[in-house]
Amino acid sequence: MPGQQPQRDKDEEKADEEMEHDSVENEESSDEESGSTSASEEEGEDSSEMDDEDCERRRTECLDEMSDLEKQFTDLKEQLYQERLSQVEAKLDEVIAGKATEYLEPLAVLQTNMKIRSEVAGVYKDLCLEVIRNRYECELQGARQHLEVRQ
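The model shown is predicted, which means the values in this text are computed figures rather than measured ones.

Caption draft 1: Spotlight on the overall build of the chain. Helix and strand counts for the chain stand at two helices and zero strands. A burial count over the chain gives 1% of its 151 residues as buried. If you sum the accessible surface of the chain, you get close to 14300 Å²; carbon and sulfur atoms cover 53% of it.

As structure tokens, then:
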């Protein structure tokens, strides 16, 4: 069972590491206990000063961080504005040059509709003129017949 030997070595190494870690923690806790009696005496006097100093230091750090974040946000907002502005200007240049497909297709549809409406309007105009001529001829014919009947 040669495959089990490396596994045992790994398990033993893990156990050794855990033991070392536990001993380090025990040393730290014993140091804290022995130092806690003398620290508690000093803490009474210095705790408020340390707390105030720590709070002020943390407040200053937080304000600096907030200031940095606000500056980054402003810079990114300006960069985004400039990018969008350049995109709009590029699109406007395409429209002016007549190369923007999203505008050319609707324009072609509009021009086709305009051509059809112009043709319909021309036919309507011709028909209206023909109706006016027919009315005129009817009036003339009616006047002639009335004149003939009277004579």
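Additional details are given in the paragraphs that follow.
Caption draft 2: Molecular detail of a nonpolar patch on the surface. Among the surface-exposed residues, Leu92, Val95, Ile96 and Tyr103 lie close enough to one another that they form a single nonpolar patch of about 410 Å² accessible area. Looking at the nonpolar patch element by element, the count peaks at three residues for helix 1 (residues 4-97). Summarising the element assignment, Val95 is placed in helix 1. Given a relative accessible area of 35%, Val95 falls into the partly exposed group.

Caption draft 3: The arrangement of the confidence of the model for the chain in detail. Residue-level pLDDT values for the chain average 80, and 68% of them are 70 or greater. Confidence drops under pLDDT 50 across residues 27-39; counting only partners more than four residues distant or on other chains, this segment forms zero contacts.

Analysis parameters
- Residues numbered from 1 in each chain as written.
- Predicted model: local features only at pLDDT ≥ 70, side-chain atom pairs only at ≥ 80, totals over all residues.
- Heavy atoms only, no water.
- Helix = DSSP H or I, 4+ residues; strand = E, 2+ residues; numbered from the N terminus.
- Buried < 20%, exposed > 50% of the residue type's maximum accessible area, 1.4 Å probe, protein only.
- Areas by Shrake-Rupley, 256 points an atom, 1.4 Å probe, with all protein chains shown as cover.
- Patch = residues over 30% accessible without salt bridge, like charges linked within 9 Å, V, L, I, M, F, W, Y side chains within 5 Å.
- Salt bridge = Lys/Arg side-chain N within 4 Å of Asp/Glu carboxyl O.
- pLDDT = per-residue confidence, 0-100.
- Contact = heavy atoms within 4.5 Å.

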